[in-house]
Amino acid sequence: MKRAIMYLLCLAALPWLGGCNSIYSNYREIENLLVVRSVGFDREDGGTRFSLASSANDDGEPIRMTTKGGSITDAMERIRNYSSQEDIFYPHVEHILLGEDAARVSIEDYLAFFCRSPELRIDIPLYYRTLIILPLDHCFAHVVGFYIMIACGATVATVQIGRMPMETLKNIPVNIREVRPHFLLSVPALAKNFRKSIESSIRAKGRMTEGLFRLALKTAYAYNGDGYRRGRGWRCVLQPVVALFDVTLFRKVRKAFGGELRFFVGGGALLDAELQRFFYAVGMPMFQGYGLSEATPVISTNSPRPRKCRFGSSGTLVQPLDCRILDEEGREVPHGQRGQIVVRGENVMAGYWKNPEATADTVRDGWLHTGDMGYLTDDGFLYVLGRFKSLLIASDGEKYSPEGMEEAIADASRLIDQIIVHNNQNPYTVAIVVPNRDELRRRYQTCGNDLVALAREVAGEIDAFRAGGVHAGEFPDRWLPSAVAIVDEAFTEQNGLVNSTMKVVRSRVEEHFRDRLDALYTPEGKRPDSAQNLASLKKLVE
């Protein structure tokens, strides 16, 4: 099972390979740019050591400056005296490559905030190791994967780049076994692929193993509760059974990740609570966080600390940081009420590079207006519900967020890989669906090679969330798609429908499949077995 899982993990990580090489191949020297390559503490003698590198000196060689034993203020003064630019620091390559949209933040604020690792909710001991499998130009990878790890004196490794992409792909499981990471950074798209890979390897072992695995998951789900109440109350009686399943099943799954993996840190987009329950059950909790590049990029996170994890939430705020939830009029709302998330703290950017208009619209009186909808609970957990600009609007004016619904549907279905839900003041909600080709072919055989029956099966996956379904009650029925467009082209970075951080770009998907969306509001197009759906299915099963 270990070998099978490792092979599938390679396939799951394939979309990331281009990004993993981008920090080297796409890096462009920028005049007078000072980039901190590493920041750390020399814990042996108690002195503070900063190792910094600028883009290049006059000879084209990297300039490195090291100060040991001095204070942070002394180190910062040396940096300021060297830099010929204003007191501006570009925190990661992602923003360097964005050009005029790049954010800027002061050197002092950036280092001071992120070197206070105990306040970032997750403790990183000296002996911890991580393997960076996210794109290296990703802000999340830079801050959590590099800066915080180095500040804590821990070890960071990156995937060995091969001569060809496939060689790099094969290096991932090898590197995982070599590094044996204690935690990994992930995003929902990658986490979803990891889960499907694990489940595929379990199914390959036969029905008995699969049935036992499902029983083990069900038991662990009951024991863990919502994560916050793990093992509390009556759940304590399940502890011996969960421990037995852990030894006989879950430990073997963890060996495929090196055997030392304690947890994942997730971010980048909304992570469905079901995915969090799954990884928690198999002994590799996925602690979901929230942030954005303009906040460099951490705002909140779940963590292994007691009472600091709750499934479905984005955890508690990092400190020091202020957070408010505002209504459409800009007024702060009580805990539990939805509104826009706005934050203020040392990690908030000074502004967008050479874009004062966008800066003024986003940062107001020091408060970063994230554009995300969410709410805070009385005990300090932040729940993120989606982007305001992504809200769907029904014909009666009701607004609702599609992102949580999309994550839940894709996660619950073996048949649906990707889904975008759409409604722009239309009489009903529709969806664009990208099926899982392998599962689609299996279903095609079981339904007697009948494309019409197969189309109805794909559309029927959403019925699990309607009244009477397995997941009934998670979303109002009126929000669920009434018609689906089955497409044979996946959302990828290559066709521009997914960005470099593996987030689906909703507006591009809607424009790319505009004709299919329009057809869904016609009598013929609304049918699951429409001619367009059948044509897409035929291409996928051939």
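Everything below is about the structure printed above this text.
Sequence positions are assigned chain by chain, starting from 1 and proceeding in written order. Only residues with pLDDT of at least 70 are given local features in this predicted model, and only at 80 or more are side-chain atom pairs given and counted; all residues enter the totals for whole chains, interfaces and linings. As a rule here, side-chain values cover all heavy atoms of the structure and leave hydrogens and water aside.

## A word on the overall build of the protein
A tally of regular secondary structure across the protein gives 20 helices and 23 strands. Each residue is placed in one exposure class: buried if its accessible area under a 1.4 Å probe, protein chains only, is under 20% of its type's maximum, exposed if it is over 50%, and partly exposed if it falls in between. Burial status across the protein gives 54% buried among its 542 residues. All accessible-area figures derive from a Shrake-Rupley calculation using a 1.4 Å probe, and residue coverage is judged against the displayed protein chains alone. Total accessible area on the protein stands at roughly 24,400 Å², and carbon and sulfur atoms take up 49% of it. The secondary structure listing takes helices from DSSP runs of H or I that are at least 4 residues long and strands from runs of E that are at least 2 residues long, numbered from the N terminus.

## Here we look at the packing of aromatic side chains
We call Phe, Tyr and Trp rings a pair once their centres come within 6.5 Å, taking the six-membered ring for Trp, and we label the pair stacked below 30 degrees between planes, edge-to-face above 60, and tilted otherwise. Counted by the stated rule, this structure contains 19 aromatic pairs. With a centroid separation of 6.3 Å and 45° between ring planes, the pair formed by Tyr-128 and Phe-263 is classed as tilted. Separated by 135 residues along the polypeptide, Tyr-128 in the loop between helix H6 (107-114) and strand E5 (129-132) and Phe-263 in strand E8 (residues 263-266) bring together distant segments of the chain. The same class applies to Tyr-128 and to Phe-263, which are both buried. Plain terms: the ring middles of Tyr-228 and Phe-381 are 5.8 Å apart, the flat faces sit at 85° to each other, and that makes the pair edge-to-face. Taken together, the positions of Tyr-228 in the loop between helix H10 (207-224) and helix H11 (239-255) and Phe-381 in the loop between strand E16 (367-376) and strand E17 (382-387) put the pair 153 residues apart, joining distant regions of the chain. Accessibility expressed as a relative area gives 1% for Phe-381, which makes it buried. An aromatic cluster of three or more residues is present, and its members are Phe-194, Phe-213, Phe-250, Phe-257, Phe-264, Phe-278 and Phe-279. Across from the ring centre of Tyr-228, 5.9 Å away, lies the NZ or CZ of Arg-307, which sits over that ring. Only when the NZ of Lys or the CZ of Arg is both within 6 Å of the ring centre and within 35 degrees of the ring normal is a charge said to sit over the ring.

## Description of the nonpolar core
In plain words, nonpolar cores are sets of buried Ala, Val, Leu, Ile, Met, Phe, Trp, Tyr and Cys residues tied together by side-chain atoms within 4.5 Å. In this structure, Phe-213, Phe-250, Phe-257, Phe-264 and Phe-279 are the most contacted members of the largest nonpolar core, which totals 81 residues. The element contributing the most residues to this core is helix H7 (residues 139-151), with eight residues. Residue contacts are defined here by distance: any two heavy atoms, one from each residue, within 4.5 Å place the two residues in contact. Beyond its immediate stretch of four places on either side in the chain, Phe-279 contacts Ala-191, Phe-194, Arg-195, Ile-198, Phe-264, Met-284, Pro-285 and Met-286. Within the second largest apolar cluster, 31 residues are counted, among which are Ala-394, Ile-462, Ile-486 and Leu-540.

## A few points about the pattern of salt bridges
Salt bridges are identified by distance alone: a Lys or Arg side-chain nitrogen within 4 Å of an Asp or Glu carboxyl oxygen. Under the criterion given, the structure shown has 28 salt bridges. For Arg-262, the salt bridge goes to Glu-260, with nearest N and O atoms at 3.8 Å. The residue Glu-461 makes a salt bridge to Arg-443 at a minimum N-O spacing of 3.7 Å. Residue Glu-461 is located in the loop between helix H16 (451-460) and strand E23 (483-486), and its partner Arg-443 is located in helix H15 (residues 437-446); the two are separated by 18 residues in the primary sequence. The residues Glu-461 and Arg-443 share a single accessibility class, namely buried.

## As for the sheet that holds strand E22 (residues 430-435)
Spatially, E20-E22-E23 is the arrangement adopted by the three strands of the open sheet, whose pairing is mixed. Two strands in the sheet have a free side with no partner beyond their single neighbour: strand E20 (416-422) and E23. The sheet shows a mean angle of 25° between the axes of neighbouring strands, taken without regard to direction. By the convention used here, strands pair only if DSSP detects at least 2 bridges between them. Across four bridges, E22 lies against E23 in parallel orientation. Bridge pairing in E23 links Val-430 to Ala-483. Every angle, taken between N-to-C directions, lies between 0 and 180 degrees, and every axis is a line fitted to C-alpha atoms, over only the stretch in contact when it is a helix.

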